[in-house]
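An overview of the molecular structure
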There are 2 protein chains.
Amino acid sequence: MIKRLFDVDPWGVSSTKLDRADKRLQESLTAIGNGYMGMRGNFEEGYSGDSHLGTYLAGVWYPDKTRVGWWKNGYPEYFGKVINATNFIPIEITVNDHKVDLAIDEVKDYKIDLDMKKGILNRSYTWVKGEIEVRFTFKRFVSAALKELAVIEVTGEVLKGTATIVFSPKMDGNVVNEDSNYEENFWLEMNRVSGEKSSLTTKTIENPFGVEQFTVTTMMETVMENYEERTFSEGFMLVEENITYTLAVGEKAKVTKFVSVLTSRDVQPEDQLTKAAEILDQAIALGEEELEAQHVAAWQERWHKADVVIEGDAESQQGIRFNIFQLFSTYYGEDNRLNVGPKGFTGEKYGGATYWDTEAFILPMYLAVADETVSEQLLTYRHNQLSGAFHNAKQQGLQGALYPMVTFNGIESHNEWEITFEEIHRNSTIAYAIYNYTNYTGDESFLKTKGIEMLVSISRFWADRVHYSKRNECYMIHGVTGPNEYENNINNNWYTNTMAAWTLRYTLGSLEKGSSAIMNELDVTAEEKAKWTDIVQKMYYPRDEELNVFVQHDTFLDKELLTTNDLDPSERPINQHWSWDKILRSCFIKQADVLQGIYYLNNEYTIEEKEANYNFYEPMTVHESSLSASIHAILAAELGKTEKAVEFYSRTARLDLDNYNNDTEDGLHITSMSGGWLAIVQGFAGMRTFDNKLSFKPFCPKNWTGYNFMIKYRKRLLHISVTQESVSVRLEEGEAINLTLFDQEMLLTDEVKSQLQ
Amino acid sequence: MIKRLFDVDPWGVSSTKLDRADKRLQESLTAIGNGYMGMRGNFEEGYSGDSHLGTYLAGVWYPDKTRVGWWKNGYPEYFGKVINATNFIPIEITVNDHKVDLAIDEVKDYKIDLDMKKGILNRSYTWVKGEIEVRFTFKRFVSAALKELAVIEVTGEVLKGTATIVFSPKMDGNVVNEDSNYEENFWLEMNRVSGEKSSLTTKTIENPFGVEQFTVTTMMETVMENYEERTFSEGFMLVEENITYTLAVGEKAKVTKFVSVLTSRDVQPEDQLTKAAEILDQAIALGEEELEAQHVAAWQERWHKADVVIEGDAESQQGIRFNIFQLFSTYYGEDNRLNVGPKGFTGEKYGGATYWDTEAFILPMYLAVADETVSEQLLTYRHNQLSGAFHNAKQQGLQGALYPMVTFNGIESHNEWEITFEEIHRNSTIAYAIYNYTNYTGDESFLKTKGIEMLVSISRFWADRVHYSKRNECYMIHGVTGPNEYENNINNNWYTNTMAAWTLRYTLGSLEKGSSAIMNELDVTAEEKAKWTDIVQKMYYPRDEELNVFVQHDTFLDKELLTTNDLDPSERPINQHWSWDKILRSCFIKQADVLQGIYYLNNEYTIEEKEANYNFYEPMTVHESSLSASIHAILAAELGKTEKAVEFYSRTARLDLDNYNNDTEDGLHITSMSGGWLAIVQGFAGMRTFDNKLSFKPFCPKNWTGYNFMIKYRKRLLHISVTQESVSVRLEEGEAINLTLFDQEMLLTDEVKSQLQ
């Protein structure tokens, strides 16, 4: 069921309606971020109604204990949580001693507008109280050019009457997480300064796991003119100032709050105050206008490489831009200790920062829409965390490296065993990402050193994790959870077995590329290689000859096999209506599982195999993961099921804008933001890049006039434009390159065109 | 590895050594209880070293929230916890202003002795400080005759010097559970009275689940003579008095503390003070000697029916008596709202009060060692909780009744899904208990009404929980955990399938016995009966022809099949050394699984089938559940593996006395206390009662001279005596009865004898 709060607008998320009933949803959809920090669309002046305050700093987290109940060996010791940090958004306002509060006040000409082109959140309204009317205008951004900086500006203009207006810029460190188990506060106050430059320094509370305690300094300075009075005050974890104006009709006051935020991730606690002040001085010297111009220029540069234009379907256009905007707000590769969190800076659900979603769904897009350094940072992130992956494997009593399902630092931080030590297929996705990066960019430098180290470490894990079944004379993998999390502790998940064997095969084939220094260190023995080869040769892949499909796992076909048509619509989504027991035993699939493997190794299966498996599994799939639609869109497109492909596209591209899953109030589905892009580029345009070959097989959705997009590929910038009739590929930057259009190879020097088939 | 703290003594748990390093272990092993309340062996005078204070009241608990993390539909909402109640044990002592504290003080002639025949805990020592020596003697019991009463007595006699001795009887309501997640205190103070009769009234804190809040009044009155001074004091959740004596050499002082405890389970909060005072008045009027005599008489009566005498092996003798003593201290059938908690009154681990252990392991013993009313109470407990069982099934979206794995009130209160909604085989054990009771006692009155209601409700659950596999043309049960908790979410667990089909079969066979009133109400349709019959006929039982065994579950034989001989002894027990992942994937079995079914339906399998399965599974079994050894002892005995049987006996009978599992400090393994008895009676003596026939096939363990025991059977009391040469069965009470001795039927009128075979 759709709930659409904002207008359809090609570059904006805007509305002229103040929707008090869905305040949290508005906050999620108007969140902004710059990869370093970000915040939900909370109102500067405060809001006494239901609301979810959220200001988050990348890489600042707390390991909440999970060791309640029935802890067992190998369970993770904590659940890593993104934590709410000092709230620096507020500029509270009183008019003639009345606190401005949109939860109860009368306002008119309300408008909120997130400008996605510029990365700026604007809001304005006329506040009415008796004979007084004041027009307030808010603008804020977290700078894409100077990451530690946020700028928040408020203007008040009196339209009727005379008004004494007090603006109160404020910072509040006394914040909690809504998902805190026992209403704990995760922060301690370390220092507080009140004055022209006010600041709060807070530090995360102690933890018994040896995880770093983060110290954060948040400093503000306000710039304004012609005020009557300015006072400062402070309290526990709170600093505030009050700036008073008395204005007649037509008079205006403008207050600009500059905020700098520093964390001990980058700056030692003892240097934070000095550095924060320097940043503010620098920013104020430049001035709001110049800062804004730099910020907008940075966004322009991003859009130049990544924009997708859709003609004839405004909703789709808005959807894809919203996806790209939110993804770039979350991550643009500046810091290889960071990753793409499931909620980005838009909420605190799902705890950890990093899921396999990054490699499976995000990396393929970044490879094409940003410089390759951005993608390389994501791989380097995993290389940095290799020691954590060794730790995870060791916790299970296994050799090699097991990348975590959820993490901040490489150590598993989720808290369900059926995820943490069963959903181990993610380990192969890390290997696949190395393949994907190397194959897409053609650059083997990562593979030679960091990459081969990761591949060997992952392969060592798989070689220890499989077991040989004497009875069946093959290798098996028992006790796993596949991508379909609606089953777990299953045996011989086709996807897991396939990708584990693929990883061993890819590693074996890459050994000779490793630098001699690293190969010496890794010391892969002949015995190991022989074992890996044996596993590749004797891996068991469940398959049913009669149905001609790969079997999801050993006993899948013993289930009662139904299709989603058999489901009572009132019981969907099943995860909100059925018991977990019923879900686990049913045949219904949460997201692509066998089909995920067919997507990854798309060049290794025949079209008949793809068709048989798609036709068998898709009808059982409930797509209750936000990651499901994109993979199905791509395969449906490949199989000529274009209407299905478009249906899946819509589902993923406007998932949050239309609140499909009825949970966007908790934050946006950041890691599925690439889904729409993948559906268009790999689905509709049919882009493939296997075996160092770039190819397209486009079609144009029926209700679109056309669509075009840019992609980066091996130092080139290409512009692909598709209409109902034809496709053109233009080389915007870089040298000539071979490509395949509808199975026809050609050399692209300037532009090539083809009729659609 | 054995740790034996106490001397080997046929009737005592005694020691002359003060073992400060193992204080908690001492406290567990000297716990006492009377079914209504009980306490660990905490010292009256206090103890400043490591210790675990524990005073528990039957049926008084708190539903601790479990909804942290990743709660899913159908998960239980809370984890029911036995909670520590007002500590009424203390009588603190100072001698010339020195607080007596055995953690640091010098003492000599120390002795502690739990007298199992009488149910009294005695302790004494000579306290030495410079020139002063005082002999202290402690005695306490919780009355088996007047359940709300505890009596605690201290005597001090000066052996050297002159001493001012202050005795301070005390009650402390400010207690916590060691397993409290966030150091919560589960109690509120409601009322406090200080004076001759001091009291504390406390109430459990609120909970969001609608579970009853319990109000408890604990009242004390002290009786003593010739004291110098007596004062009273109080504080938050604390009442205390101080009784001062100045004694010369040879002089004695005796203080007797009478305590009455009332809970809102039986007495309304507003009546508790009056009633508690009445009980104290009544007790003090009778006097300590008379109270003790009544208490000892009650124990004598119990022992008369239940004692097992072992000749020639003092350790075994002590072990079996300790088992019986602790079991009777926990439960003797007075209150059908109570059950046999896993730690009884000896600790607070494992939370809930009631496990399937009761029906599987405890009931068969109570049937034979106490009047049948005791066993009937256990069945009535489950009947009382039928509505909770309906609730549990409904939570899973299923029809009928699902008895809980762990509970206080019938509603599931454990917090792991792999237990709560997968370990559903317990449902059949409830049905089996009805069969067991009916078959053992020959009394069908329970079956006719309450029993048939339970059976039909359980059968309705099974009929909905199975599914029909078209492909295999049979009924299957997917997604279960068998008795072997070292695997879970398995398909077609042979034991679960077998017992589910057995339950349907037994229910179908019992329908005609149901009273017409109840059968009308139950309204079992012809369609239902047909479905049940179909399931019975087409149930799938995994079986391997080649190995000639029942297969534990669908893919068990695909595992790497090893035996415990392949295990590194330093890695045992595996649950303390291996990751849960490794355990789940291994072939190693925690406790009887297929063999549990062969034990239950012992008359349905051939000796060859028993042998093949025992020989296949036992070598893979690590026996890391305290419930494993008894079943294996019985089957080993039946198969003539007498040495193995004796080995298993020793393991179960002295599990706690010898701290085999290195966890007795947390409390005793109450629900496995019947294991030794089962091993002797069903194992060594080979008692069977299937099909209304009583039979024995005894042997005598090599290192025993002989053994004898009493059993109740269908209103008779029989005495069975076995030596190395012969067996005699004597009718002690009741009418003549047929029995089978070594396959020879005979009529027992007075005594029968036979040579061993």
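Residues numbered from 1 in each chain as written. Chains lettered and ligands numbered in written order. Predicted model: local features only at pLDDT ≥ 70, side-chain atom pairs only at ≥ 80, totals over all residues. Heavy atoms only, no water.

1. Re the overall build of chain A
Counting its regular elements, chain A contains 20 helices and 30 strands. Taken against the 2.2 N^0.38 rule, which gives 27 Å for 757 residues, the C-alpha radius of gyration of chain A at 27 Å falls within 12% of a compact globule. Seen through its C-alpha atoms, chain A measures out along the principal axes to roughly 85 × 60 × 55 Å. Across the 757 residues in chain A, those meeting the buried criterion constitute 66%. Pairs at least 24 residues apart make up 67% of the contacts formed inside chain A by residues separated by at least 6 positions. Averaged over its 74 positive side-chain charges, chain A has a centre that lies 2 Å from the centre of its 114 negative ones. (Helix = DSSP H or I, 4+ residues; strand = E, 2+ residues; numbered from the N terminus. Rg over C-alpha atoms; globule rule 2.2 N^0.38 Å. Buried < 20%, exposed > 50% of the residue type's maximum accessible area, 1.4 Å probe, protein only. Contact = heavy atoms within 4.5 Å. Lys, Arg positive; Asp, Glu negative; His and termini not counted. Charge placed at Lys NZ, Arg CZ, Asp CG, Glu CD.)

2. Overview of the packing of helix H10 (residues 445–465) of chain A against helix H11 (residues 494–510) of chain A
Residue and element names in this part refer to chain A. At their nearest, the axes of H10 and H11 sit 9 Å apart, and the two run at 135° to each other. On the basis of their axis angle, the class for H10 and H11 is oblique. The two elements H10 and H11 cross, and the hand of that crossing is left-handed. Across from Leu-447, Ile-452, Leu-455, Val-456, Ile-458, Ser-459 and Trp-462 in H10, the residues of H11 making contact are Thr-496, Ala-500, Thr-503, Leu-504, Tyr-506, Thr-507 and Ser-510. Of the residues that constitute the contact of H10 with H11, the class distribution is nine nonpolar, five polar and no charged. (Axes fitted to C-alpha atoms, helices over the stretch in contact; angles between N-to-C directions. Parallel < 35°, antiparallel > 145°, perpendicular 65-115°, else oblique. Left-handed = near helix turned anticlockwise from the far one by under 90°. Nonpolar A, V, L, I, M, F, W, Y, C, P; charged D, E, K, R; others polar.)

3. Looking at the state of the cysteines
By the definition in use, this model includes zero disulfides over all chains. In this model Cys-474 of chain B remains outside any disulfide bridge; the closest cysteine sulfur is found in Cys-587 of chain A, 17 Å from its own. Judged by relative accessible area, Cys-474 of chain B falls into the buried class, the value being 9%. (Disulfide = S-S within 2.5 Å.)

4. Quick word on the UniProt feature "active site" (unreviewed entry) in chain A
Residues and elements named next belong to chain A. In the numbering used here, UniProt assigns the "active site" (unreviewed entry) feature to Glu-485. Positionally, Glu-485 belongs in the loop between strand E21 (474–476) and H11. In contact with Glu-485, not counting residues within four places along its chain, are Met-405, Ile-419, Glu-423, Trp-580 and Lys-590. (UniProt positions renumbered as here; feature names shortened; annotations may be inferred.)

5. Description of the interface of chain A and chain B
Taken together, the 55 residues of chain A in the interface contact 54 residues of chain B. Between chain A and chain B, a total of about 4,600 Å² is buried, with carbon and sulfur atoms accounting for 50% of that surface. The tally of links between chain A and chain B comes to four salt bridges. In this structure, Arg-471 of chain B and Asp-544 of chain A form a salt bridge, with 2.3 Å as the shortest nitrogen-oxygen distance. Residue assignment for the side of chain A that touches chain B shows that the elements contributing at least two residues are strand E4 (55–65), helix H8 (417–420), strand E20 (467–469), helix H14 (574–577) and helix H15 (580–585) of chain A. Counting residues per element, the side of chain A that touches chain B draws most heavily on H15 of chain A, which supplies five residues. (Buried area = accessible area lost by both parts, 1.4 Å probe. Salt bridge = Lys/Arg side-chain N within 4 Å of Asp/Glu carboxyl O.)

6. Observations concerning the sheet that holds strand E5 (residues 78–84) of chain A
Residues and elements named next belong to chain A. With antiparallel pairing, the four strands of this open sheet are ordered in space as E2-E3-E4-E5. At either margin of the open sheet sits one strand with a lone partner, and together these are strand E2 (32–33) and E5. Here E2 pairs with strand E3 (residues 37–39) via two bridges, running antiparallel. Bridging from a neighbouring strand, Ile-32 pairs with Met-39 of E3. (Pairing = 2+ DSSP bridges.)

7. Examining the pattern of salt bridges
Considering all chains together, one arrives at 107 salt bridges over all chains under this definition. Here Lys-715 of chain A ties to Glu-372 of chain A by a salt bridge, and the two come within 3.8 Å at their closest N and O atoms. Highlighted residues: Lys-715 of chain A in the loop between strand E25 (706–713) and strand E26 (716–723) and Glu-372 of chain A in helix H6 (residues 372–384), separated in sequence by 343 residues. Lys-17 of chain B serves as the salt-bridge partner of Asp-19 of chain B, at 3.6 Å between the closest nitrogen and oxygen. Overall, Asp-19 of chain B belongs to the buried group, its relative accessible area being 18%. Looking at Lys-17 of chain B, the relative accessible area reads 56%, which means it is exposed.

8. Quick look at the relation of the copies chain A and chain B
Of the transformation superimposing chain A on chain B, the axial component is 0.1 Å and the angular component is 179°, with the fit at an RMSD of 0.1 Å. Taken together, the rotation and translation relating the two chain copies correspond to the operation of a two-fold axis. No C-alpha of chain A lies nearer the rotation axis than that of Asn-489 of chain A, which sits 3.2 Å from it. In this assembly, 98% of the residues forming the interface of chain A have copies in chain B that are likewise at the interface, indicating an isologous arrangement. (Least-squares fit on C-alpha atoms with pLDDT ≥ 70 in both.)

9. A few points about the side chain of Arg-654 of chain A
Residues and elements named next belong to chain A. By the element assignment, Arg-654 lies in the loop between helix H19 (642–653) and helix H20 (675–684). Take Arg-654: its relative accessible area is 4%, and that puts it in the buried class. Polar contacts involving the side chain of Arg-654 include one to the main-chain carbonyl oxygen of Glu-315, which spans 3.0 Å. Excluding anything up to four places from it in sequence, Arg-654 contacts Arg-4, Val-8, Glu-315, Gln-318, Gly-319, Asn-659 and Tyr-660. (Polar contact = N/O pair within 3.5 Å; in protein donor to acceptor, adjacent residues only side chain to side chain.)

10. Let's talk about the environment of Ser-626 of chain A
Residue and element names in this part refer to chain A. Counting through the fold element by element, Ser-626 comes out in the loop between helix H17 (607–617) and helix H18 (628–638). Considering only alpha carbons, one finds Ser-626 and Thr-652, 26 residues apart in sequence, at a separation of 6.8 Å. At 3.1 Å, the side chain of Ser-626 forms a polar contact with the side chain of Ser-672.

11. Considering the UniProt feature "domain: Glycoside hydrolase family 65 C-terminal" (unreviewed entry) in chain A
The UniProt record annotates "domain: Glycoside hydrolase family 65 C-terminal" (unreviewed entry) at residues 687–747 of chain A. Within residues 687–747 of chain A, the helical portion is 0% and the strand portion 57%, while the C-alpha atoms at the span's ends are 16 Å from each other.

12. Quick word on the packing of helix H6 (residues 372–384) of chain B against helix H10 (residues 445–465) of chain B
All names here are of chain B. Two numbers describe how H6 lies on H10: the axes approach to 10 Å, and their chain directions differ by 40°. Taken together, the axis directions place H6 and H10 in an arrangement best described as oblique. The two elements H6 and H10 cross, and the hand of that crossing is left-handed. Facing H6, whose interface residues are Glu-376, Leu-379, Thr-380, Arg-382 and His-383, H10 presents Phe-446, Lys-450, Glu-453 and Met-454. Split into classes, the residues belonging to the contact of H6 with H10 amount to three nonpolar, two polar and four charged.

13. What about the nonpolar core?
Membership of the largest hydrophobic core comes to 500 residues, with the highest contact counts inside it found for Phe-136 and Ile-711 of chain A together with Phe-136 and Ile-711 of chain B. Setting aside its immediate chain neighbours within four residues, Phe-136 of chain B contacts Ile-93, Val-95, Val-100, Arg-123, Ser-124, Tyr-125, Trp-127, Val-154, Thr-155, Gly-156, Ile-165 and Phe-167 of chain B. (Core = buried A, V, L, I, M, F, W, Y, C linked by side-chain atoms within 4.5 Å.)

14. A short note on H10 of chain B
Residue and element names in this part refer to chain B. In a regular helix each residue adds 1.5 Å, so 21 residues correspond to 30 Å; H10 covers 29 Å between its end C-alpha atoms and thus fits that length. Most pronounced at Gly-451, the bend in H10 amounts to some 55°. Within H10, 16 of the 21 residues are buried, leaving the element largely enclosed by the surrounding structure. (Expected span 1.5 Å × (residues − 1). Bend = angle between axes of the 7 residues up to and from the residue.)

15. A closer look at empty space enclosed by the protein
A full pass over the atoms with the stated rule returns 13 cavities of 30 Å³ or more. Its volume calculated, the largest cavity comes out at about 320 Å³. Around the largest cavity, the lining is made up of 26 residues, and of these Asn-489, Ile-490 and Asn-491 of chain A together with Asn-489 and Ile-490 of chain B lie nearest the centre. Grouping the amino acids of the lining of the largest cavity by side-chain chemistry returns four nonpolar, 14 polar and eight charged. (1 Å grid on protein atoms, 1.4 Å probe; cavity = no way out; pocket = protein on both sides within 12 Å on 5 of 7 lines; lining within 4 Å. Points joined across faces, edges and corners; volume = space filled by probe spheres on them.)

16. Thoughts on the confidence of the model for chain A
Here chain A averages 96 in pLDDT, while 99% of its residues score no lower than 70. Scored as a whole, the predicted complex attains pTM 0.94, and scored at its interfaces, ipTM 0.92. (pLDDT = per-residue confidence, 0-100.)

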